[in-house]
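These are the residues of each chain, in order.
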Amino acid sequence: DLNMVGPDTQIIFVQLALSFDYALFFWVRFSQERLESRRRDAEGDSRGQAVGHTIESGLMKTLQTSGFVILLSSVVLIVAFLGASCYPDLNKLGYLYATLNLALGTFFVGFYSLTVPTVLVMIWPSVFDEPEHSAGGFSILTSI
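Residues numbered from 1 in each chain as written. Predicted model: local features only at pLDDT ≥ 70, side-chain atom pairs only at ≥ 80, totals over all residues. Heavy atoms only, no water.

> I tried to follow the pattern of salt bridges on my own but got confused; where do I start?
Once the charged atoms of two side chains with opposite charge are near each other, the side chains can pair. Following the criterion strictly, the structure yields 2 salt bridges and no others. For Arg29, the salt bridge goes to Glu33, with nearest N and O atoms at 2.9 Å. With a gap of 4 residues between them, Arg29 and Glu33 both fall in helix H1 (residues 9–46), about one helical turn apart. Judged by its relative accessible area of 22%, Arg29 falls in the partly exposed class. (Salt bridge = Lys/Arg side-chain N within 4 Å of Asp/Glu carboxyl O. Helix = DSSP H or I, 4+ residues; strand = E, 2+ residues; numbered from the N terminus. Buried < 20%, exposed > 50% of the residue type's maximum accessible area, 1.4 Å probe, protein only.)

Next comes the structure, spelled out in structure tokens:
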């Protein structure tokens with residue numbers, strides 16, 4: 001029998017913190033890629049070269065960089081939580097359930113952090129794209 005006596009509050013907060021962290025990795029990198037592609041497009045226009053850095057290319061670069069970090073972090077945490085579940089007598093104390101819940105929750109947080117933003121950007125690209133000119137010269141990236 002799996003002892004499920006402990007509270008889930010800490011598990012939920014760990015998963016929520018991972019969600020925020022992964023979202024920050026993804027959206028900051030996506031924003032940087034879109035600003036960089038606009039800069040390259042402007043330079044290409046001034047030199048008479050073809051432009052066309054699309055939102056798909058920015059999304060692909062984001063998945064190659066931040067997506068890799070999210071995936072690697074998720075795998076390392078899952079292995080750590082599963083390794084922690086191998087300690088003896090964890091089920092008697094009620095912590096086996098917690099470590100297994102953390103491992104499974106981390107898997108789903110990593111999976112959703114890679115798939116949901118990608119699908120949302122592909123469905124509504126204009127909503128998630130950086131504006132052409134920020135009001136008053138202020139940009140989120142310049143404030144970070």
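Following the structure, the description resumes.
> Hey, could you run me through the layout of surface pockets in this one?
Taking a probe equal in size to a water molecule and rolling it over the atoms shows the remaining empty space. Looking at the largest pocket, its volume works out to about 170 Å³. Lining of the largest pocket is provided by Gly6, Pro7, Gln10, Ile11, Leu93, Gly94, Tyr95, Tyr97, Ala98 and Leu102. The set of elements that each furnish at least two residues to the lining of the largest pocket consists of H1 and helix H4 (95–123). The residue makeup of the lining of the largest pocket, split by class, is 7 nonpolar, 3 polar and no charged. (1 Å grid on protein atoms, 1.4 Å probe; cavity = no way out; pocket = protein on both sides within 12 Å on 5 of 7 lines; lining within 4 Å. Points joined across faces, edges and corners; volume = space filled by probe spheres on them. Nonpolar A, V, L, I, M, F, W, Y, C, P; charged D, E, K, R; others polar.)

> Hey, could you run me through a nonpolar patch on the surface in this one?
A cluster of nonpolar side chains, contributed by Leu104, Phe107, Phe108, Phe111, Tyr112 and Val116, occupies part of the molecular surface with about 580 Å² of accessible area. By the secondary structure assignment, Val116 is in helix H4. (Patch = residues over 30% accessible without salt bridge, like charges linked within 9 Å, V, L, I, M, F, W, Y side chains within 5 Å. Areas by Shrake-Rupley, 256 points an atom, 1.4 Å probe, with all protein chains shown as cover.)

> Would you mind showing me how to read helix H2 (residues 55–84) here?
Residues spaced three or four apart along an α-helix face the same direction, because each turn holds 3.6 residues. Taking 1.5 Å per residue, 30 residues should reach 44 Å; H2 reaches 41 Å between its end C-alpha atoms and fits that length. The sharpest bend along H2 measures roughly 35 degrees and falls at Gly67. Where H2 is concerned, the buried positions are Ile55, Gly58, Leu59, Thr62, Ser66, Gly67, Ile70, Ser74, Ile78 and Phe81. (Expected span 1.5 Å × (residues − 1). Bend = angle between axes of the 7 residues up to and from the residue.)

> Looking at this structure, I do not really get the environment of Thr65. What am I missing?
Mapped onto the elements of the fold, Thr65 is located in helix H2. Note on Thr65: relative accessible area 25%, which makes it partly exposed. The spacing of Thr65 and Arg29 is 36 residues in sequence and 8.0 Å in space, taken between C-alpha atoms.

> Is there a simple way to explain the nonpolar core in this structure?
Soluble globular proteins tend to pack their nonpolar side chains together in the buried interior. Counting residues in hydrophobic clusters, the biggest one holds 10 residues: Leu18, Tyr22, Phe26, Phe30, Ile55, Leu59, Ile70, Val109, Leu114 and Val121. If you list the elements that add at least two residues to this core, you get H1, H2 and H4. Top element by residues in this core is H1. It accounts for 4 residues. (Core = buried A, V, L, I, M, F, W, Y, C linked by side-chain atoms within 4.5 Å.)

> When you look at the packing of H2 against H4 in this model, what are you seeing that I'm missing?
Axis angle and axis distance: for two packed helices, these are the angle between their axes and the distance between the axes, and together they describe the pair. Remark: H2 packs on H4, axes separated minimally by 8 Å, with the N-to-C direction vectors making an angle of 175 degrees. Looking at the two axes, H2 sits roughly antiparallel to H4. Looking at the contact of H2 with H4 residue by residue, the class counts come to 17 nonpolar, 7 polar and 1 charged. (Axes fitted to C-alpha atoms, helices over the stretch in contact; angles between N-to-C directions. Parallel < 35°, antiparallel > 145°, perpendicular 65-115°, else oblique.)

> Would you explain the environment of Tyr22 in this entry?
Mapped onto the elements of the fold, Tyr22 is located in helix H1. Measuring from C-alpha to C-alpha, the distance between Tyr22 and Leu71 comes to 9.6 Å, with 49 residues separating the pair along the chain. Residue contacts for Tyr22: discarding those within four places in its chain leaves Ile70, Ser73, Ser74, Leu77, Val109, Gly110 and Ser113. Separated by 2.9 Å, the side chains of Tyr22 and Ser73 make a polar contact. (Contact = heavy atoms within 4.5 Å. Polar contact = N/O pair within 3.5 Å; in protein donor to acceptor, adjacent residues only side chain to side chain.)

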